[in-house]
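Structure assessment
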Amino acid sequence: MLDHDDVLHPSALFETMKVICDKGADFIYTDEATFESPELHKIIHTNFKPDFAPDYFHGCNYICHFTSFKRTLLESSGGAFNSECDGSQDYDLFLRLTEHAQKICHIAKCLYFWRSSSSSVAEGTGAKPYTMKAGKHALENHFKRCGQEAEIDFAKVNNTYRVKYKIKEKPLVSIIIPSYDHWKTLKRCIDSIETLSTYKNYEIIIIENNSKLKKIFDYYKSLESDEKEKVVTWPGRFNYAAINNFGFTYARGGIILLNNDTQVITPGWIEEMLMFAQRKDVGAVGAMLYFPSGKIQHAGVI
């Protein structure tokens, strides 16, 4: 799949054929760059992509160019373009192909050069706003085919989407918080959980570890009347893994691990994590963490 005015790297076909021969790939994509027409050397944007990342792909069509796929894969995925998704027809096609592909390979080399012009999507996805509606429709069809109940919203950036999976049940969530002396910090954390969380089926397990201040034990005592909260004591020396493993033994539900210096700022934080954790293909879920200044502290491990 090529656009009529773009440029392939001289080794693009060789590299593609290599992963077909070496790995048996049936769906292949490469990294790409956008250049300022007509000067090929004037690169204005590069797209260095990850290996196949379904959740990222559900947020935007990061695959784009240069993409190759097996003819039999195309035939088994419903054929070529769907006119219902004109504007994001390649997104719809790639969603269908990756549903059936046996071996998806990403070539981490920039092998495709996308010519930028005022009317091209390469110039900016806002140039063709109708593509967003088409992409949303493609995603809705994808989740229906996969038997997943999900609501698709437009995200803040053009041609990106936010997927909200339906939470099937209301399981108990166990929130585990190690604690040492800092009672004000712990209180702020727990108060934020209690006052902001819209998901109510949770328990909080506080793991006390060698605190010395009377105020922290006074605070523990004030929590005794709440059935949702429990304090357990780890008497050994500080060992973060051992302390949390000890706390896990008291958990009755699915587990969320928090530091005592964490403060909830999003009311639906449990639901946001739970909707991913309930999926069979997901083993762990992380949330975005911010510094008090608003800068991102942690956005996952890539």
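That block above? That's the structure.
For the structure given in this document, a descriptive report is provided here.

Criteria and thresholds
Residues numbered from 1 in each chain as written. Predicted model: local features only at pLDDT ≥ 70, side-chain atom pairs only at ≥ 80, totals over all residues. Heavy atoms only, no water. Helix = DSSP H or I, 4+ residues; strand = E, 2+ residues; numbered from the N terminus. Buried < 20%, exposed > 50% of the residue type's maximum accessible area, 1.4 Å probe, protein only. Contact = heavy atoms within 4.5 Å. Areas by Shrake-Rupley, 256 points an atom, 1.4 Å probe, with all protein chains shown as cover. Lys, Arg positive; Asp, Glu negative; His and termini not counted. Charge placed at Lys NZ, Arg CZ, Asp CG, Glu CD. Salt bridge = Lys/Arg side-chain N within 4 Å of Asp/Glu carboxyl O. Phe/Tyr/Trp six-rings, centres within 6.5 Å; stacked < 30°, edge-to-face > 60°. Lys NZ or Arg CZ within 6 Å of the ring centre and 35° of its normal. Pairing = 2+ DSSP bridges. Right-handed = clockwise from strand over helix to strand, strands pointing away. Axes fitted to C-alpha atoms, helices over the stretch in contact; angles between N-to-C directions. Parallel < 35°, antiparallel > 145°, perpendicular 65-115°, else oblique. Left-handed = near helix turned anticlockwise from the far one by under 90°. Patch = residues over 30% accessible without salt bridge, like charges linked within 9 Å, V, L, I, M, F, W, Y side chains within 5 Å. Arc of directions from axis to C-beta.

A count of helices and strands for the protein chain gives 9 helices and 13 strands. In terms of overall dimensions, the protein chain has C-alpha extents of about 75 × 40 × 40 Å along its principal axes. Looking at the 302 residues of the protein chain, the share that counts as buried comes to 38%. Within the protein chain, contacts between residues separated by at least 24 positions form 70% of all contacts whose residues are at least 6 apart in sequence. Summed over all atoms, the accessible surface of the protein chain reaches about 17500 Å², with 56% contributed by carbon and sulfur. Measuring between centres, the 36 positive side-chain charges of the protein chain sit 4 Å from its 38 negative side-chain charges.

The full count for this structure, using the stated rule, is 15 salt bridges. The closest approach of N and O atoms between K166 and E149, which form a salt bridge, is 3.5 Å. One end of the pair, K166, is in the loop between β7 (161-165) and β8 (173-179); the other, E149, is in the loop between α5 (130-145) and β6 (150-154), and 17 residues separate them in sequence. Among the residues examined, K166 registers a relative accessible area of 49% and is labelled partly exposed. Between K187 and D191 there is a salt bridge, with the nearest N and O atoms lying 2.7 Å from each other. Placement of both K187 and D191 in helix α6 (residues 183-196) is noted, with a separation of 4 residues, approximately one turn of the helix. Residue D191 is classed as partly exposed on the basis of its relative accessible area of 26%.

Here the focus is the packing of aromatic side chains. Counted by the stated rule, this structure contains 15 aromatic pairs. Residues F27 and F94 carry aromatic rings whose centres are separated by 5.8 Å and whose planes lie at 80° to one another, so their mutual orientation is edge-to-face. Taken as a pair, F27 in strand β2 (residues 27-36) and F94 in helix α4 (residues 89-100) lie far apart in primary sequence, 67 residues in all. Taking relative accessible area as the criterion, F94 reaches 1% and is therefore assigned buried. Taking the centre distance of 6.1 Å and the plane angle of 65° together, the rings of F52 and F57 count as edge-to-face. Residue F57 is classed as buried on the basis of its relative accessible area of 1%. Three or more aromatic residues link up through ring pairs in this structure, and these residues are Y29, F52, Y56, F57, Y62, Y91, F154 and Y161. Looking at K228, its charged tip hangs above the ring of Y202, at a distance of 4.3 Å from the centre.

In this structure, strand β9 (residues 202-208) lies alongside strand β10 (residues 229-233), joined through 5 bridges in parallel fashion. Note that in β10 the partner of I207 across the bridge is V232. Between the parallel elements β9 and β10, the chain passes through helix α7 (residues 214-222) in a crossover that is right-handed.

The next subject is the packing of α4 against α5. In contact at an axis separation of 9 Å, α4 and α5 are set at 20° when each is read in the N-to-C sense. Between α4 and α5, the angle falls in the class roughly parallel. Crossing angle aside, the handedness with which α4 passes α5 is right-handed. Between α4 and α5, the contacting residues are Y91, D92, L95, R96 and E99 on the first element and G135, A138, L139, H142 and R145 on the second.

Moving on to a nonpolar patch on the surface. On the surface, a nonpolar cluster with roughly 470 Å² of combined accessible area is contributed by F238, Y240, F248, I255 and L257. At the level of elements, α8 (240-248) and β11 (254-257) are the ones that each hand at least two residues to the nonpolar patch. Along the chain, L257 turns up in strand β11. The exposure class assigned to L257 is partly exposed, which follows from its relative accessible area of 40%.

Moving on, we get to α7. By the burial criterion, the buried members of α7 are I216, Y219 and Y220. End-on, the buried residues of α7 take up no more than an arc of 105°, which puts them together on one face. Looking at α7, the residues exposed on the side facing more than 90 degrees away from the buried face are K214, K215 and K221.

It is worth stressing that arrangement in space is one thing and function is another; only the former is reported here.
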